Amino acid sequence: MMWMDTSDTVSGSSLAIKSWAFNKRRLGRSNDHRNLGLKALVTSICVIFMCEGLQAQNIWTTVVGRSLFDQAWSIIETSEPAYIAVGHSSNGHNVDRRHVGWLVKLNVDGDTLWTKSYGESDVKSYLWSATETSDSCYVLVGDQWSSERGRELWLVKTDTSGDTLWTKTYDNQADLTGFGVIETSDESFVIVGISFPVYPDESDYQISVVKTDRNGNALWMRTYGDLHYDESFSVIETSDNFYLIAGFSVSSQYCGLLFKMDASGDTLWSRSFDEYQFSSVIETSNLTYVVAGTKHEGSHQRLSLLETDFNGNVTWSRVFGENDKYSTTSLIETHDNSYVLSGERGDFYPDTLKAFLMKVDHNADSLWFKTYERTIHDNAKMVLEAEDGGLVFVGNTGSGGSEEGSDIWIVKTDSVGSYIPPVSIESKPVPSTEMLISSYPNPFNPGTSIEYELPDQSDVSVIIYDMTGREVNRLVSISQPPGSYKVSWNGADHVGRQVAGGMYFARLQAGDNSSVAKMVYLR
(Lines give C-alpha, C1' and ligand atoms only; values in the text may rest on other atoms or scores of the structure.)
Protein backbone atom coordinates (compact mmCIF):
# COMPACT_ATOMS: atom_id res chain seq x y z
CA MET A 1 0.00 0.00 0.00
CA MET A 2 1.58 3.28 -1.11
CA TRP A 3 0.71 6.85 -0.35
CA MET A 4 1.87 10.27 -1.30
CA ASP A 5 1.94 12.77 1.55
CA THR A 6 -0.65 15.44 0.91
CA SER A 7 -1.30 16.29 4.56
CA ASP A 8 -0.71 19.72 6.03
CA THR A 9 1.90 20.32 8.69
CA VAL A 10 0.08 20.96 11.97
CA SER A 11 2.79 21.85 14.32
CA GLY A 12 8.53 19.18 17.95
CA SER A 13 13.25 18.78 17.52
CA SER A 14 16.15 16.84 18.42
CA LEU A 15 19.83 17.12 17.77
CA ALA A 16 19.93 13.34 17.27
CA ILE A 17 18.00 11.36 14.69
CA LYS A 18 18.49 7.78 15.87
CA SER A 19 15.25 5.85 16.36
CA TRP A 20 14.39 4.41 19.74
CA ALA A 21 11.26 2.49 20.69
CA PHE A 22 10.00 1.04 23.90
CA ASN A 23 7.17 -1.05 25.26
CA LYS A 24 3.99 0.99 25.77
CA ARG A 25 2.11 0.75 29.03
CA ARG A 26 -1.35 2.34 28.96
CA LEU A 27 -2.97 2.71 32.36
CA GLY A 28 -4.76 5.82 33.56
CA ARG A 29 -5.25 9.57 33.57
CA SER A 30 -4.88 12.51 36.01
CA ASN A 31 -6.67 15.68 37.07
CA ASP A 32 -3.97 17.27 39.27
CA HIS A 33 -3.38 20.88 38.23
CA ARG A 34 -0.20 21.77 40.13
CA ASN A 35 2.43 23.45 38.00
CA LEU A 36 6.13 24.10 38.58
CA GLY A 37 7.77 27.25 37.27
CA LEU A 38 10.60 26.02 35.06
CA LYS A 39 12.97 27.77 32.72
CA ALA A 40 11.58 27.49 29.16
CA LEU A 41 8.25 25.92 30.08
CA VAL A 42 5.52 26.73 27.57
CA THR A 43 2.03 25.25 27.54
CA SER A 44 -0.45 26.05 24.77
CA ILE A 45 -4.20 26.49 25.08
CA CYS A 46 -5.86 23.31 26.34
CA VAL A 47 -9.27 22.58 24.83
CA ILE A 48 -11.85 19.83 24.97
CA PHE A 49 -12.84 18.17 21.70
CA MET A 50 -16.17 16.36 21.58
CA CYS A 51 -17.74 14.50 18.70
CA GLU A 52 -20.52 12.01 18.35
CA GLY A 53 -19.63 8.57 19.73
CA LEU A 54 -16.47 9.73 21.56
CA GLN A 55 -15.85 11.01 25.08
CA ALA A 56 -14.31 14.44 25.59
CA GLN A 57 -10.69 14.64 24.44
CA ASN A 58 -8.13 17.06 25.89
CA ILE A 59 -5.87 18.62 23.30
CA TRP A 60 -2.70 20.42 24.32
CA THR A 61 1.02 20.88 23.74
CA THR A 62 3.75 21.42 26.34
CA VAL A 63 7.42 22.35 25.97
CA VAL A 64 9.70 21.77 28.98
CA GLY A 65 13.35 22.73 29.32
CA ARG A 66 15.83 23.65 32.01
CA SER A 67 19.28 23.43 30.38
CA LEU A 68 20.76 23.94 26.94
CA PHE A 69 20.01 20.37 25.83
CA ASP A 70 16.93 18.64 27.26
CA GLN A 71 15.70 15.53 25.48
CA ALA A 72 13.00 12.92 26.08
CA TRP A 73 12.90 9.48 24.48
CA SER A 74 9.82 7.78 25.92
CA ILE A 75 6.57 8.42 27.75
CA ILE A 76 4.23 6.28 29.85
CA GLU A 77 0.72 6.86 31.16
CA THR A 78 0.53 5.91 34.83
CA SER A 79 -2.26 4.54 36.99
CA GLU A 80 -2.61 7.65 39.18
CA PRO A 81 -3.31 8.85 36.43
CA ALA A 82 -0.55 11.04 34.91
CA TYR A 83 2.19 11.05 32.26
CA ILE A 84 5.91 10.45 32.82
CA ALA A 85 8.36 11.66 30.17
CA VAL A 86 11.84 10.09 30.37
CA GLY A 87 15.09 11.59 29.12
CA HIS A 88 18.18 13.53 30.09
CA SER A 89 19.48 17.05 30.42
CA SER A 90 22.89 18.63 29.82
CA ASN A 91 24.41 22.09 29.75
CA GLY A 92 26.28 21.74 26.47
CA HIS A 93 28.61 19.76 24.22
CA ASN A 94 31.89 20.36 26.06
CA VAL A 95 33.73 17.51 27.76
CA ASP A 96 33.10 18.84 31.28
CA ARG A 97 29.37 19.30 30.81
CA ARG A 98 26.92 18.14 33.47
CA HIS A 99 24.68 15.39 32.12
CA VAL A 100 21.85 13.96 34.25
CA GLY A 101 18.88 11.68 33.78
CA TRP A 102 15.61 13.59 33.92
CA LEU A 103 11.95 12.78 34.55
CA VAL A 104 9.02 15.11 33.88
CA LYS A 105 5.61 14.26 35.36
CA LEU A 106 2.47 15.90 33.93
CA ASN A 107 -1.24 15.63 34.57
CA VAL A 108 -3.65 14.81 31.75
CA ASP A 109 -4.06 18.51 30.93
CA GLY A 110 -0.34 18.83 30.20
CA ASP A 111 0.49 20.75 33.41
CA THR A 112 3.91 19.92 34.89
CA LEU A 113 3.55 18.33 38.34
CA TRP A 114 7.25 17.87 39.09
CA THR A 115 10.65 17.24 37.53
CA LYS A 116 13.47 15.12 38.97
CA SER A 117 17.10 14.67 38.00
CA TYR A 118 19.21 11.56 38.63
CA GLY A 119 22.94 10.85 38.57
CA GLU A 120 26.24 11.61 40.24
CA SER A 121 28.29 14.76 39.87
CA ASP A 122 31.28 12.98 38.30
CA VAL A 123 29.27 10.66 36.02
CA LYS A 124 27.39 11.35 32.79
CA SER A 125 23.91 9.88 33.22
CA TYR A 126 21.35 9.06 30.51
CA LEU A 127 17.80 7.75 30.84
CA TRP A 128 16.02 6.21 27.86
CA SER A 129 12.88 4.41 29.04
CA ALA A 130 10.64 3.59 32.01
CA THR A 131 7.84 1.30 33.09
CA GLU A 132 5.32 1.46 35.91
CA THR A 133 5.62 -1.51 38.24
CA SER A 134 2.94 -3.68 39.82
CA ASP A 135 3.55 -1.90 43.17
CA SER A 136 2.83 1.49 41.54
CA CYS A 137 6.45 2.63 41.40
CA TYR A 138 8.60 3.47 38.38
CA VAL A 139 11.64 1.65 37.03
CA LEU A 140 13.93 3.67 34.78
CA VAL A 141 16.65 2.33 32.49
CA GLY A 142 19.63 4.01 30.87
CA ASP A 143 23.37 4.13 31.25
CA GLN A 144 26.10 5.96 33.12
CA TRP A 145 29.56 6.81 31.82
CA SER A 146 32.73 7.73 33.64
CA SER A 147 36.41 7.60 32.70
CA GLU A 148 37.07 5.16 35.54
CA ARG A 149 34.23 2.65 34.97
CA GLY A 150 33.36 3.12 31.30
CA ARG A 151 29.70 2.79 30.30
CA GLU A 152 27.44 0.80 32.64
CA LEU A 153 23.82 -0.20 32.25
CA TRP A 154 21.84 1.75 34.85
CA LEU A 155 18.56 0.73 36.50
CA VAL A 156 16.72 3.01 38.95
CA LYS A 157 13.52 2.41 40.93
CA THR A 158 11.57 5.40 42.27
CA ASP A 159 8.32 5.97 44.10
CA THR A 160 5.42 7.93 42.58
CA SER A 161 7.06 11.20 43.66
CA GLY A 162 10.22 10.36 41.75
CA ASP A 163 12.30 9.74 44.90
CA THR A 164 14.91 7.01 44.42
CA LEU A 165 14.26 3.67 46.16
CA TRP A 166 17.28 1.83 44.75
CA THR A 167 19.77 2.02 41.91
CA LYS A 168 21.86 -0.67 40.19
CA THR A 169 24.59 -0.73 37.55
CA TYR A 170 25.82 -3.65 35.41
CA ASP A 171 28.84 -4.07 33.12
CA ASN A 172 29.24 -7.79 32.14
CA GLN A 173 32.93 -7.07 31.37
CA ALA A 174 31.86 -4.80 28.52
CA ASP A 175 30.29 -1.41 28.04
CA LEU A 176 26.50 -1.78 28.39
CA THR A 177 23.51 0.45 27.87
CA GLY A 178 19.78 -0.19 28.25
CA PHE A 179 17.18 1.31 25.94
CA GLY A 180 13.97 -0.54 26.86
CA VAL A 181 12.64 -2.14 30.04
CA ILE A 182 9.53 -4.19 30.87
CA GLU A 183 8.21 -5.78 34.03
CA THR A 184 7.42 -9.44 33.42
CA SER A 185 4.65 -11.66 34.73
CA ASP A 186 7.05 -13.21 37.29
CA GLU A 187 7.74 -9.73 38.75
CA SER A 188 11.18 -9.50 37.19
CA PHE A 189 12.58 -6.91 34.76
CA VAL A 190 13.91 -7.54 31.26
CA ILE A 191 16.15 -4.89 29.72
CA VAL A 192 17.21 -4.68 26.09
CA GLY A 193 20.05 -2.56 24.79
CA ILE A 194 23.59 -2.68 23.44
CA SER A 195 26.82 -4.34 24.52
CA PHE A 196 30.04 -3.03 22.99
CA PRO A 197 33.37 -4.45 24.15
CA VAL A 198 36.21 -2.05 24.72
CA TYR A 199 38.25 -4.24 22.36
CA PRO A 200 38.85 -4.75 19.49
CA ASP A 201 36.59 -2.06 18.08
CA GLU A 202 34.00 0.02 19.90
CA SER A 203 31.88 0.04 16.74
CA ASP A 204 31.33 -3.72 17.17
CA TYR A 205 27.94 -3.61 18.88
CA GLN A 206 25.90 -6.61 20.01
CA ILE A 207 22.33 -6.73 21.26
CA SER A 208 22.25 -7.20 25.03
CA VAL A 209 19.41 -8.66 27.07
CA VAL A 210 19.50 -8.56 30.88
CA LYS A 211 17.00 -10.07 33.30
CA THR A 212 16.89 -8.99 36.95
CA ASP A 213 14.74 -9.88 39.93
CA ARG A 214 12.30 -7.38 41.42
CA ASN A 215 15.11 -5.75 43.43
CA GLY A 216 17.35 -5.23 40.41
CA ASN A 217 19.73 -8.14 41.07
CA ALA A 218 20.95 -9.64 37.80
CA LEU A 219 19.62 -13.13 37.03
CA TRP A 220 21.26 -13.53 33.63
CA MET A 221 22.80 -11.54 30.79
CA ARG A 222 22.88 -12.51 27.12
CA THR A 223 24.35 -10.98 23.98
CA TYR A 224 23.20 -11.59 20.41
CA GLY A 225 24.77 -10.70 17.10
CA ASP A 226 27.96 -11.14 15.08
CA LEU A 227 30.00 -8.16 16.30
CA HIS A 228 29.07 -6.00 13.34
CA TYR A 229 26.67 -3.32 14.45
CA ASP A 230 23.68 -4.94 16.14
CA GLU A 231 21.17 -2.89 18.12
CA SER A 232 17.76 -3.34 19.73
CA PHE A 233 15.41 -0.88 21.36
CA SER A 234 12.18 -2.88 21.76
CA VAL A 235 11.22 -5.86 23.93
CA ILE A 236 7.82 -7.27 24.91
CA GLU A 237 6.58 -10.21 26.95
CA THR A 238 4.31 -12.34 24.78
CA SER A 239 1.05 -13.98 25.80
CA ASP A 240 2.87 -17.34 26.04
CA ASN A 241 5.28 -15.79 28.63
CA PHE A 242 8.29 -15.58 26.34
CA TYR A 243 10.23 -12.47 25.29
CA LEU A 244 10.20 -11.03 21.76
CA ILE A 245 12.92 -8.60 20.69
CA ALA A 246 13.16 -6.46 17.57
CA GLY A 247 16.31 -4.77 16.31
CA PHE A 248 18.67 -4.60 13.38
CA SER A 249 22.17 -5.34 12.18
CA VAL A 250 24.39 -3.29 9.87
CA SER A 251 27.31 -4.68 7.90
CA SER A 252 27.21 -4.13 4.15
CA GLN A 253 23.49 -3.35 4.43
CA TYR A 254 20.72 -3.07 7.01
CA CYS A 255 19.07 -6.27 8.19
CA GLY A 256 16.03 -6.35 10.49
CA LEU A 257 16.25 -8.80 13.40
CA LEU A 258 13.39 -10.49 15.25
CA PHE A 259 13.99 -13.20 17.83
CA LYS A 260 12.06 -14.95 20.56
CA MET A 261 13.60 -16.25 23.77
CA ASP A 262 12.39 -18.15 26.81
CA ALA A 263 12.46 -17.02 30.44
CA SER A 264 16.03 -18.34 30.80
CA GLY A 265 17.35 -16.30 27.88
CA ASP A 266 17.64 -19.20 25.44
CA THR A 267 16.72 -18.38 21.85
CA LEU A 268 13.62 -20.20 20.55
CA TRP A 269 13.83 -18.81 17.01
CA SER A 270 15.27 -15.87 15.13
CA ARG A 271 14.44 -14.24 11.81
CA SER A 272 16.29 -11.73 9.65
CA PHE A 273 14.95 -9.39 6.96
CA ASP A 274 17.28 -7.78 4.42
CA GLU A 275 17.05 -3.98 3.98
CA TYR A 276 14.96 -3.50 7.13
CA GLN A 277 15.79 -1.56 10.30
CA PHE A 278 13.32 -2.57 13.04
CA SER A 279 12.53 -0.15 15.87
CA SER A 280 9.41 -1.48 17.62
CA VAL A 281 7.39 -4.69 18.01
CA ILE A 282 3.96 -5.40 19.54
CA GLU A 283 1.70 -8.40 20.03
CA THR A 284 -1.73 -7.64 18.59
CA SER A 285 -5.24 -8.47 19.75
CA ASN A 286 -5.33 -11.01 16.90
CA LEU A 287 -2.41 -12.88 18.51
CA THR A 288 0.10 -11.94 15.85
CA TYR A 289 3.26 -9.85 16.00
CA VAL A 290 3.61 -6.55 14.12
CA VAL A 291 7.02 -4.97 13.65
CA ALA A 292 7.59 -1.35 12.64
CA GLY A 293 10.70 0.18 11.19
CA THR A 294 12.40 1.58 8.14
CA LYS A 295 13.12 -0.10 4.83
CA HIS A 296 16.30 1.07 3.09
CA GLU A 297 15.92 1.06 -0.68
CA GLY A 298 18.97 2.74 -2.18
CA SER A 299 18.87 6.38 -1.09
CA HIS A 300 15.25 6.08 0.08
CA GLN A 301 14.15 5.32 3.62
CA ARG A 302 10.51 4.21 3.71
CA LEU A 303 8.18 3.36 6.59
CA SER A 304 7.63 -0.36 7.01
CA LEU A 305 5.24 -2.70 8.80
CA LEU A 306 5.49 -6.49 8.96
CA GLU A 307 3.07 -8.94 10.52
CA THR A 308 4.22 -12.41 11.57
CA ASP A 309 2.70 -15.42 13.28
CA PHE A 310 3.98 -16.72 16.64
CA ASN A 311 6.87 -18.46 14.86
CA GLY A 312 8.05 -15.35 13.03
CA ASN A 313 6.65 -16.31 9.63
CA VAL A 314 5.55 -13.23 7.66
CA THR A 315 1.80 -13.00 6.92
CA TRP A 316 1.95 -9.55 5.29
CA SER A 317 4.32 -6.64 4.81
CA ARG A 318 3.78 -3.01 3.78
CA VAL A 319 5.98 -0.03 2.95
CA PHE A 320 4.86 3.61 2.87
CA GLY A 321 6.21 6.92 1.68
CA GLU A 322 8.05 8.14 -1.39
CA ASN A 323 10.63 10.81 -2.26
CA ASP A 324 11.68 11.49 1.34
CA LYS A 325 13.41 9.84 4.29
CA TYR A 326 11.36 8.37 7.12
CA SER A 327 12.42 6.92 10.45
CA THR A 328 9.93 5.04 12.66
CA THR A 329 10.38 5.30 16.42
CA SER A 330 7.40 3.51 18.01
CA LEU A 331 4.25 1.51 17.28
CA ILE A 332 1.02 0.92 19.22
CA GLU A 333 -2.29 -0.82 18.65
CA THR A 334 -5.31 1.38 19.36
CA HIS A 335 -8.68 0.45 20.87
CA ASP A 336 -10.23 0.08 17.39
CA ASN A 337 -7.64 -2.57 16.37
CA SER A 338 -5.70 -0.13 14.20
CA TYR A 339 -2.03 0.83 14.45
CA VAL A 340 -0.35 4.20 15.04
CA LEU A 341 3.31 4.82 14.24
CA SER A 342 5.45 7.74 15.39
CA GLY A 343 8.69 8.99 13.92
CA GLU A 344 10.50 11.67 12.02
CA ARG A 345 10.50 12.69 8.40
CA GLY A 346 13.34 14.28 6.46
CA ASP A 347 17.01 14.91 7.21
CA PHE A 348 18.79 16.66 10.04
CA TYR A 349 20.95 18.14 7.30
CA PRO A 350 19.50 19.95 5.45
CA ASP A 351 17.04 21.46 7.92
CA THR A 352 13.91 19.45 7.16
CA LEU A 353 13.29 17.22 10.21
CA LYS A 354 9.60 16.97 11.21
CA ALA A 355 7.66 14.79 13.64
CA PHE A 356 4.91 12.57 12.26
CA LEU A 357 2.10 10.25 13.32
CA MET A 358 0.52 7.75 10.96
CA LYS A 359 -2.53 5.55 11.49
CA VAL A 360 -3.31 2.40 9.50
CA ASP A 361 -6.06 -0.18 9.86
CA HIS A 362 -5.48 -3.82 10.87
CA ASN A 363 -4.64 -4.66 7.23
CA ALA A 364 -2.08 -1.81 7.17
CA ASP A 365 -4.16 0.32 4.79
CA SER A 366 -3.39 3.98 5.48
CA LEU A 367 -6.08 5.96 7.36
CA TRP A 368 -4.22 9.24 7.88
CA PHE A 369 -0.74 10.75 8.07
CA LYS A 370 0.09 13.98 9.97
CA THR A 371 3.31 15.93 10.37
CA TYR A 372 4.04 18.26 13.31
CA GLU A 373 6.38 21.19 13.18
CA ARG A 374 7.47 23.74 15.77
CA THR A 375 11.05 24.53 14.68
CA ILE A 376 13.29 23.29 11.86
CA HIS A 377 14.38 20.21 13.92
CA ASP A 378 11.41 18.36 15.43
CA ASN A 379 10.70 14.69 16.14
CA ALA A 380 8.33 12.26 17.83
CA LYS A 381 10.11 9.55 19.81
CA MET A 382 7.17 7.63 21.27
CA VAL A 383 3.37 7.61 21.02
CA LEU A 384 0.69 6.17 23.29
CA GLU A 385 -3.09 6.11 23.26
CA ALA A 386 -4.74 8.04 26.10
CA GLU A 387 -7.79 6.81 27.97
CA ASP A 388 -10.00 9.35 26.18
CA GLY A 389 -9.08 7.89 22.77
CA GLY A 390 -6.65 10.67 21.87
CA LEU A 391 -2.94 10.27 21.23
CA VAL A 392 0.06 11.55 23.19
CA PHE A 393 3.55 11.72 21.74
CA VAL A 394 6.83 12.86 23.25
CA GLY A 395 9.70 14.22 21.23
CA ASN A 396 12.18 17.03 21.05
CA THR A 397 12.09 20.52 19.63
CA GLY A 398 14.57 23.36 19.14
CA SER A 399 15.10 25.28 22.38
CA GLY A 400 13.26 28.57 22.38
CA GLY A 401 11.90 27.84 18.92
CA SER A 402 15.33 27.47 17.30
CA GLU A 403 17.64 24.62 16.43
CA GLU A 404 20.28 25.80 18.94
CA GLY A 405 19.74 23.39 21.83
CA SER A 406 16.63 21.32 22.44
CA ASP A 407 13.65 21.05 24.76
CA ILE A 408 11.22 18.24 25.56
CA TRP A 409 8.03 18.48 23.49
CA ILE A 410 4.84 16.66 24.50
CA VAL A 411 1.73 16.85 22.33
CA LYS A 412 -1.77 15.59 23.06
CA THR A 413 -3.93 15.21 19.95
CA ASP A 414 -7.44 13.99 19.29
CA SER A 415 -8.08 10.51 17.90
CA VAL A 416 -7.24 11.59 14.33
CA GLY A 417 -3.96 13.27 15.20
CA SER A 418 -5.19 16.87 15.18
CA TYR A 419 -4.44 19.51 17.77
CA ILE A 420 -4.08 23.27 18.06
CA PRO A 421 -0.85 24.75 16.69
CA PRO A 422 -0.16 27.63 19.10
CA VAL A 423 1.01 29.97 16.33
CA SER A 424 -2.28 29.55 14.46
CA ILE A 425 -4.67 30.52 17.24
CA GLU A 426 -2.58 32.57 19.64
CA SER A 427 -4.41 35.64 20.95
CA LYS A 428 -2.38 38.79 21.46
CA PRO A 429 -3.25 40.78 24.58
CA VAL A 430 -5.36 43.90 24.16
CA PRO A 431 -3.42 46.72 25.80
CA SER A 432 -6.22 49.00 26.94
CA THR A 433 -9.80 48.29 25.93
CA GLU A 434 -11.32 44.81 25.58
CA MET A 435 -12.01 43.14 22.25
CA LEU A 436 -14.36 40.14 22.45
CA ILE A 437 -15.57 37.38 20.14
CA SER A 438 -18.09 34.64 20.90
CA SER A 439 -20.49 32.32 19.13
CA TYR A 440 -24.02 31.07 19.82
CA PRO A 441 -25.28 28.37 19.72
CA ASN A 442 -22.20 26.35 20.60
CA PRO A 443 -22.08 23.40 19.89
CA PHE A 444 -24.09 24.09 16.75
CA ASN A 445 -25.86 22.57 13.76
CA PRO A 446 -26.62 23.78 11.15
CA GLY A 447 -25.32 27.30 11.86
CA THR A 448 -23.98 29.66 14.50
CA SER A 449 -23.80 33.43 15.00
CA ILE A 450 -20.39 34.90 15.72
CA GLU A 451 -20.52 38.16 17.64
CA TYR A 452 -17.64 40.52 18.27
CA GLU A 453 -16.93 43.99 19.62
CA LEU A 454 -14.40 46.53 18.37
CA PRO A 455 -13.01 49.28 20.63
CA ASP A 456 -11.51 51.28 17.72
CA GLN A 457 -11.68 51.76 13.99
CA SER A 458 -9.67 48.83 12.56
CA ASP A 459 -8.99 46.69 9.56
CA VAL A 460 -10.93 43.58 10.60
CA SER A 461 -10.89 39.94 9.60
CA VAL A 462 -12.90 37.01 11.00
CA ILE A 463 -11.42 33.71 9.83
CA ILE A 464 -12.49 30.14 10.60
CA TYR A 465 -9.66 27.65 11.21
CA ASP A 466 -9.80 23.89 11.70
CA MET A 467 -7.81 22.02 14.34
CA THR A 468 -4.76 21.66 12.08
CA GLY A 469 -4.50 25.43 11.73
CA ARG A 470 -5.75 25.52 8.14
CA GLU A 471 -7.95 28.37 7.04
CA VAL A 472 -11.47 27.07 6.32
CA ASN A 473 -13.43 30.22 5.52
CA ARG A 474 -12.91 33.98 5.67
CA LEU A 475 -16.16 35.56 6.87
CA VAL A 476 -15.09 39.21 7.24
CA SER A 477 -12.32 41.26 5.62
CA ILE A 478 -13.11 44.99 5.85
CA SER A 479 -12.38 48.16 7.78
CA GLN A 480 -15.00 48.75 10.52
CA PRO A 481 -15.65 51.50 13.10
CA PRO A 482 -16.01 50.79 16.86
CA GLY A 483 -19.13 48.85 17.81
CA SER A 484 -20.79 45.42 18.04
CA TYR A 485 -21.05 43.11 15.03
CA LYS A 486 -22.54 39.74 14.11
CA VAL A 487 -21.73 37.33 11.29
CA SER A 488 -23.13 33.86 10.61
CA TRP A 489 -21.31 30.64 9.72
CA ASN A 490 -23.16 27.60 8.38
CA GLY A 491 -20.33 25.07 8.61
CA ALA A 492 -19.19 25.56 5.01
CA ASP A 493 -15.69 26.16 3.66
CA HIS A 494 -14.70 28.94 1.27
CA VAL A 495 -16.22 27.13 -1.75
CA GLY A 496 -19.46 26.16 -0.02
CA ARG A 497 -18.64 22.55 0.93
CA GLN A 498 -19.81 21.35 4.33
CA VAL A 499 -16.88 20.63 6.66
CA ALA A 500 -16.53 17.61 8.94
CA GLY A 501 -17.86 17.74 12.47
CA GLY A 502 -15.40 18.73 15.18
CA MET A 503 -13.62 21.65 16.83
CA TYR A 504 -13.16 24.93 14.90
CA PHE A 505 -11.85 28.37 15.79
CA ALA A 506 -13.14 31.79 14.85
CA ARG A 507 -10.25 34.24 14.96
CA LEU A 508 -10.96 37.96 15.11
CA GLN A 509 -8.06 40.10 13.94
CA ALA A 510 -8.36 43.87 14.40
CA GLY A 511 -5.16 45.75 13.64
CA ASP A 512 -2.44 44.24 15.85
CA ASN A 513 -4.90 42.62 18.26
CA SER A 514 -6.69 39.30 18.04
CA SER A 515 -9.13 37.11 19.92
CA VAL A 516 -10.26 33.51 19.40
CA ALA A 517 -13.57 31.73 20.00
CA LYS A 518 -13.71 27.92 20.07
CA MET A 519 -16.71 26.24 18.44
CA VAL A 520 -17.93 22.64 18.04
CA TYR A 521 -19.72 21.75 14.82
CA LEU A 522 -22.03 18.73 15.19
CA ARG A 523 -22.68 16.54 12.15
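Residues numbered from 1 in each chain as written. Predicted model: local features only at pLDDT ≥ 70, side-chain atom pairs only at ≥ 80, totals over all residues. Heavy atoms only, no water.

> Can you lay out the sheet that holds strand 37 (residues 513-521) for me, pointing to particular residues and giving the numbers?
Taken together, the four strands give an open sheet; going across it, the order is 34-33-36-37, and neighbouring strands pair in antiparallel fashion. Edge positions in the sheet fall to strand 34 (471-480) and strand 37, since each of these pairs with one other strand and no more. Averaged over neighbouring strand pairs, the angle between their axes works out to 15° when direction is ignored. Looking at chain direction, strand 33 (residues 458-465) and strand 36 (residues 502-510) are connected through six bridges and run antiparallel. (Pairing = 2+ DSSP bridges. Helix = DSSP H or I, 4+ residues; strand = E, 2+ residues; numbered from the N terminus. Axes fitted to C-alpha atoms, helices over the stretch in contact; angles between N-to-C directions.)

> Quick rundown of the packing of aromatic side chains? Include the residues and the values.
One pass over the structure, following the stated rule, counts 21 aromatic pairs. Seen in terms of ring centroids, tyrosine 326 and phenylalanine 356 are 6.3 Å apart; in terms of plane orientation they differ by 80°. Their pairing is edge-to-face. Taken together, the positions of tyrosine 326 in strand 24 (residues 326-333) and phenylalanine 356 in strand 26 (residues 354-360) put the pair 30 residues apart, joining distant regions of the chain. For tyrosine 326, a relative accessible area of 1% translates into the label buried. For phenylalanine 356, a relative accessible area of 0% translates into the label buried. Taken together, the aromatic side chains of Trp73, Tyr126, Trp128, Phe179, Phe233, Phe248 and Tyr254 make up a single cluster linked through ring pairs. A cation sits over an aromatic face here: lysine 370 above tryptophan 368, 5.3 Å from the ring centre. (Phe/Tyr/Trp six-rings, centres within 6.5 Å; stacked < 30°, edge-to-face > 60°. Buried < 20%, exposed > 50% of the residue type's maximum accessible area, 1.4 Å probe, protein only. Lys NZ or Arg CZ within 6 Å of the ring centre and 35° of its normal.)

> Could you give me a rundown of the pairing of strand 10 (residues 150-158), with the residues and numbers involved?
By the criterion of burial, strand 10 is predominantly enclosed, with eight of the nine residues buried. Sheet topology places strand 9 (residues 138-146) next to strand 10; nine bridges connect them, and they run antiparallel. Bridging across to strand 10, valine 139 finds its partner in lysine 157. Where strand 9 hands over to strand 10, the hairpin turn is made up of three residues, counted between the paired strands.

> With reference to specific residues and values, describe the pattern of salt bridges.
Counted according to the given criterion, the structure contains 17 salt bridges. Between lysine 486 and glutamate 451 there is a salt bridge, with the nearest N and O atoms lying 3.7 Å from each other. Taken as a pair, lysine 486 in strand 35 (residues 483-489) and glutamate 451 in strand 32 (residues 448-454) lie far apart in primary sequence, 35 residues in all. Its relative accessible area of 39% is what places glutamate 451 among the partly exposed residues. Among the ionic pairs, glutamate 471 bridges to arginine 474, the shortest N-O distance being 3.2 Å. (Salt bridge = Lys/Arg side-chain N within 4 Å of Asp/Glu carboxyl O.)

> With reference to specific residues and values, describe the environment of methionine 503.
Tracing the backbone shows methionine 503 in strand 36. What makes methionine 503 buried here is its relative accessible area of 5%. It is 9.8 Å that separates the C-alpha atoms of methionine 503 and serine 418, two residues lying 85 residues apart in sequence.

Remember, this is a structural readout, not a statement about activity or role.
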